[in-house]
Amino acid sequence: MEEKVIKAALLGLGTVGTGVYKVLKKQEEEMTAKIGCKVKIAKILVRNLEKAAAKVEDASILTNCWEDIITDPSIEIVIELIGGINPAKRYILEALKAGKHVVSANKDLIAADGKELLDAAGASHVDFLFEAAVAGGIPIIRPLKQCLAGNHLTEVMGIVNGTTNFILTKMSQEGMEFADALALATELGYAEADPTADIDGLDAGRKVAILASVAFNSRVVFDDVYIEGITKISAKDIRYAKEMGCAIKLLGVARNTEDGVEAYVCPMLIPSSHPLAAVNDSYNAVFVHGDAVEDAMFFGRGAGELPTASAVVGDVFDIVRNIQADCCGRIGCTCYKELPVKRMEDTYNRYFLRLHVEDRCGVLAEMTEVFAKYRVSVAQIIQRDKVDDGCAEVVVITAKVREGDFKTAIEELSNRASVKKISRTIRVYGK
Ligand code: HSE
């Protein structure tokens, strides 16, 4: 009996596209037994035909013309791996409108225009799946939409950028400064030639927008997410954090609170006892809290050729199963609420504060007087005598305080003659 074949087209043959091609090849033999038919990559859209020819067995499937794919009715699935907003958005919308299912790893696009894409998929009763857009190989979109659907989820947070986790790990374990750790990450291929999206937190911000939307059933877009990167973190901050029982990680946090959604990315101290503190190197991990499941943690490779391809191929296989069971479009957009997104000033956190003050009697009293005025309570304090400018260095961890109040307190402190320098403020994750 002839084996059934479903045809797909790949858009892009970069790192992830090549990985998808390889994973599908590796799965070829057991594919029919596993999902009931074969998936054949019938066309691949590339910019440079010559360069791409070296990566595939049959160069005749390569094209640099989108029309070859969109006008081919035998292609049922389009796998978009070119990234960026345009022309990816146009290709995806045209494919969905033409009744083709789409798999995408494009977090930039989904974090900005996810609603439009999902609405287009819904209108055509086709699947639009994007497991690879958040945390690469780690299954998290499907668990949130399906396995954990019986929960009211109140928090989804974690380490969703491998480049910055690698950098912070080197700073913590080897005492490196940020610039040296970044140079090492670039040399080893963990950071791109232009690392801005990673080190400034933008990549993580896009993932937080997608995670929050899926977890809380309410659309959160990239522009709603407050973002700070890791470029100002120093080895000294990390040493003090360790002394105070914490690690420093770039965390993406989304909370579903009674007065709205909190969504932010920033470097944070996290207690060394928290499982995320032990997630090192380029690994990612996502922590979820729900009213029924309580805590669940997902850990693994957040990027890379084969880990990301693993998520993409999982989506393709799901679509193939749906096509055969005639149940496509079963799980589309899950945002049925319109929750407000809170301003960062209205969130409550603890803070790590490092400052240089005059080394004389009464200075700490002055500090705590300002703190008291703005309801900032000190939870931990360290003082080091005389740093290089002749001041004392004071490091404080506060109790929970409204961000707006903490900022006003810092502003007032920085205007006091006894305070010579506010070196750093970093949020602290936890109760
Ligand atoms: N550059 C990202 C990271 C991977 O370092 O995790 C792609 O999102």
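Everything here concerns the structure above.
None of the values given here were measured: they were computed from a predicted structure. (Residues numbered from 1 in each chain as written. Predicted model: local features only at pLDDT ≥ 70, side-chain atom pairs only at ≥ 80, totals over all residues. Heavy atoms only, no water.)

K.L.:
Outline a nonpolar patch on the surface, listing residues and values.
P.N.:
Together, Leu 364, Val 378 and Ile 381 give the surface a local cluster of nonpolar side chains, amounting to about 210 Å² of exposed area. Within the element layout of this structure, Leu 364 appears in helix H13 (residues 363-373). Look at Leu 364 and you get partly exposed, because its relative accessible area is 34%. (Patch = residues over 30% accessible without salt bridge, like charges linked within 9 Å, V, L, I, M, F, W, Y side chains within 5 Å. Areas by Shrake-Rupley, 256 points an atom, 1.4 Å probe, with all protein chains shown as cover. Salt bridge = Lys/Arg side-chain N within 4 Å of Asp/Glu carboxyl O. Helix = DSSP H or I, 4+ residues; strand = E, 2+ residues; numbered from the N terminus. Buried < 20%, exposed > 50% of the residue type's maximum accessible area, 1.4 Å probe, protein only.)

K.L.:
How would you explain the site of the ligand if you had to name every residue and give the values?
P.N.:
Every residue close to the ligand is listed here: Lys 107, Asn 161, Gly 162, Thr 163, Asp 198, Asp 203, Lys 207 and Ala 303. One of the side-chain N or O atoms of Lys 107 is found 3.1 Å from an oxygen atom in the ligand. Measuring from an oxygen atom of the ligand, one finds a side-chain N or O atom of Thr 163 at 2.6 Å. Burial of the ligand by the surrounding chains reaches 82%, relative to a free accessible area of 260 Å². Listing elements by their share of the shell around the ligand, those giving two or more residues are helix H7 (162-174) and helix H10 (202-216). Broken down by class, the residue content of the shell around the ligand amounts to one nonpolar, three polar and four charged. (Near = heavy atom within 4 Å. Polar contact = N/O pair within 3.5 Å; in protein donor to acceptor, adjacent residues only side chain to side chain. Nonpolar A, V, L, I, M, F, W, Y, C, P; charged D, E, K, R; others polar.)

K.L.:
Describe the pairing of strand S1 (residues 5-11), with residues and values.
P.N.:
The buried count for S1 comes to five of seven residues, which makes it a mostly enclosed element. Bridging between S1 and strand S2 (residues 38-45) involves seven bridges; their strand directions are parallel. Paired with Leu 10 across the strands is Ile 44, a residue of S2. Pairing between S1 and strand S4 (residues 75-80): five bridges, direction parallel. Bridge pairing in S4 places Leu 10 opposite Ile 79. (Pairing = 2+ DSSP bridges.)

K.L.:
Give me the lowdown on the side chain of Asp 127, citing residues and values where you can.
P.N.:
Looking at the secondary structure, you find Asp 127 in the loop between helix H5 (107-124) and strand S6 (128-129). Summary of buried charges: Asp 127 has no salt-bridge partner, and the nearest side chain of opposite charge, Arg 330, is 7.1 Å away. If we ignore the near neighbours within four places in the chain, the residues touching Asp 127 are Leu 96, His 101, Val 102, Ile 319, Asn 322, Cys 328, Gly 329 and Arg 330. (Lys, Arg positive; Asp, Glu negative; His and termini not counted. Contact = heavy atoms within 4.5 Å.)

K.L.:
I'd like to hear about H5, residue by residue, with values.
P.N.:
In this model, H5 (18 residues) spans only 22 Å end to end at C-alpha, well below the 26 Å of a helix rising 1.5 Å per residue. Approximately 90 degrees is the largest bend angle found in H5, and it occurs at Asp 113. The set of residues buried in H5 consists of Lys 107, Leu 109, Ile 110, Ala 111, Asp 113, Gly 114, Leu 117, Leu 118 and Ala 121. Against helix H4 (88-97), strand S5 (101-104), S6 and H10 lie the buried residues of H5. With its phi angle positive at about 55 degrees, His 125 sits one or two positions after the end of H5. (Expected span 1.5 Å × (residues − 1). Bend = angle between axes of the 7 residues up to and from the residue.)

K.L.:
Describe the pairing of strand S17 (residues 419-428), with residues and values.
P.N.:
Alignment of strand S10 (residues 260-271) against S17, held across two bridges, turns out to be parallel. Among the inter-strand pairings, Met 268 is bridged to a residue of S17, identified as Arg 427.

K.L.:
Can you break down helix H12 (residues 305-325) residue by residue, with the values?
P.N.:
The end-to-end C-alpha separation of H12 is 30 Å, in line with the 30 Å expected for 21 residues at 1.5 Å each. All buried positions along H12 are accounted for by Thr 308, Ala 309, Ala 311, Val 312, Val 313, Asp 315, Val 316, Phe 317, Ile 319, Val 320, Asn 322 and Ile 323. A positive phi of about 55 degrees marks Asp 326, the residue just after H12.

K.L.:
Give me the layout of surface pockets: which residues, what numbers.
P.N.:
What the second largest pocket holds in volume is close to 390 Å³. As for the second largest pocket, its lining consists of 15 residues, of which Glu 155, Arg 255, Tyr 429, Gly 430 and Lys 431 are closest to the centre. Of all the elements in the fold, those that place two or more residues in the lining of the second largest pocket are strand S7 (153-159), S10 and strand S11 (283-290). Its residues assigned to classes, the lining of the second largest pocket comprises four nonpolar, four polar and seven charged. (1 Å grid on protein atoms, 1.4 Å probe; cavity = no way out; pocket = protein on both sides within 12 Å on 5 of 7 lines; lining within 4 Å. Points joined across faces, edges and corners; volume = space filled by probe spheres on them.)

K.L.:
Give a description of the sheet that holds S4 that names residues and reports values.
P.N.:
The parallel open sheet is built from six strands, whose spatial order is S3-S2-S1-S4-S5-S6. The sheet terminates laterally at strand S3 (62-63) and S6, the two strands that pair on one side only. Sheet topology note: the S4/S5 ladder contains four bridges and is parallel. From the neighbouring strand, Val 78 faces S5, where its bridge partner is Val 102. Contacts between helix H1 (residues 15-35) and the sheet are confined to S1, S2 and S4, with S2 contributing the most and set at about 160 degrees to the helix. (Axes fitted to C-alpha atoms, helices over the stretch in contact; angles between N-to-C directions.)

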